[in-house]
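# Inside the fold
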Amino acid sequence: MYAVQFVAILVLAYLLFRVYRDYSAGKIDWQGFLSWGLVIGVFILVALFPLSISAEIKDLLGLGRGLDALFVVSIGLLFLLVFELYAKIDRVEREITELTRKVGIELKEINERLEKNKEG
C-alpha cells in the first residue's frame, strides 16, 4: 500500500466519523447520512483498489488510461453535485423571497391598524 493510499483512507475514515457525528447530533438527516456514507465508502474502495477499479471504468468507458477514467467520472459527479446545490439554493432563494413578501404585507397591515387605532 502506498503512503498516499494510507493518507486517503485516514482522511476518509475521519470524514465518515464526522458524518456519523453530525447524524447523531441531528445536523443531517438519515438521507444525508446514507448519501455521504455511500460516497465516502466508494472513495475508500477506490483508495484501496485504485488500479483495478480504474481499469474497470476505463474498459467500460472505452478510454485509454485508467486515470483518465477516474477523472472523467469524478468531473461528471462534481457537475451533478454542483447542479444539485444550484437547485437547492434556487429553491431556498425563492422561499426567502416569498416569506419576505408575506412579512412585508403583514407588517404594512399592522402599521395601518396601529395608525387607525391612534387616530380613533
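Preceding this paragraph is the structure being described.
Read on for an overview of the structure.

### Describing the packing of aromatic side chains
- For the structure on display, the rule yields two aromatic pairs.
- Consider the rings of Tyr 23 and Phe 33, whose centres lie 4.6 Å apart with planes at 20 degrees: the pair is stacked. Placement of the pair is Tyr 23 in helix α1 (residues 3-24) and Phe 33 in helix α2 (residues 30-48), with a sequence separation of 10 residues.

### Quick word on the layout of surface pockets
- Roughly 920 Å³ of volume is contained in the largest pocket.
- As for the largest pocket, its lining consists of 23 residues, of which Ser 35, Trp 36, Val 39, Leu 77 and Leu 81 are closest to the centre.
- Secondary structure elements with two or more residues in the lining of the largest pocket: α2, α3 (50-61) and α4 (66-119).
- Looking at the lining of the largest pocket, the element that brings in the most residues is α4, giving 10 residues.
- Its residues assigned to classes, the lining of the largest pocket shows 16 nonpolar, four polar and three charged.
- For the second largest pocket, the calculated volume is near 330 Å³.
- Along the wall of the second largest pocket there are 13 residues; nearest its centre are Gln 5, Ala 8, Val 46, Ala 47 and Pro 50.
- Mapped by element, the contributors of at least two residues to the lining of the second largest pocket are α1, α2 and α3.
- With six residues, the top contributor of residues to the lining of the second largest pocket is α1.
- Looking at the lining of the second largest pocket, its residues break down into 12 nonpolar, one polar and no charged.

### Some details on a nonpolar patch on the surface
- On the surface, Met 1, Phe 6, Val 7, Leu 10, Val 11, Tyr 14, Leu 15, Phe 17, Leu 45, Leu 48 and Phe 49 cluster together to form a nonpolar patch covering roughly 1100 Å² of accessible area.
- If one sorts the elements of the nonpolar patch by residue count, α1 sits on top with seven residues.
- Since its relative accessible area comes to 44%, Val 11 is described here as partly exposed.

What counts and what doesn't
Residues numbered from 1 in each chain as written. Predicted model: local features only at pLDDT ≥ 70, side-chain atom pairs only at ≥ 80, totals over all residues. Heavy atoms only, no water. Phe/Tyr/Trp six-rings, centres within 6.5 Å; stacked < 30°, edge-to-face > 60°. Helix = DSSP H or I, 4+ residues; strand = E, 2+ residues; numbered from the N terminus. 1 Å grid on protein atoms, 1.4 Å probe; cavity = no way out; pocket = protein on both sides within 12 Å on 5 of 7 lines; lining within 4 Å. Points joined across faces, edges and corners; volume = space filled by probe spheres on them. Nonpolar A, V, L, I, M, F, W, Y, C, P; charged D, E, K, R; others polar. Patch = residues over 30% accessible without salt bridge, like charges linked within 9 Å, V, L, I, M, F, W, Y side chains within 5 Å. Areas by Shrake-Rupley, 256 points an atom, 1.4 Å probe, with all protein chains shown as cover. Salt bridge = Lys/Arg side-chain N within 4 Å of Asp/Glu carboxyl O. Buried < 20%, exposed > 50% of the residue type's maximum accessible area, 1.4 Å probe, protein only.

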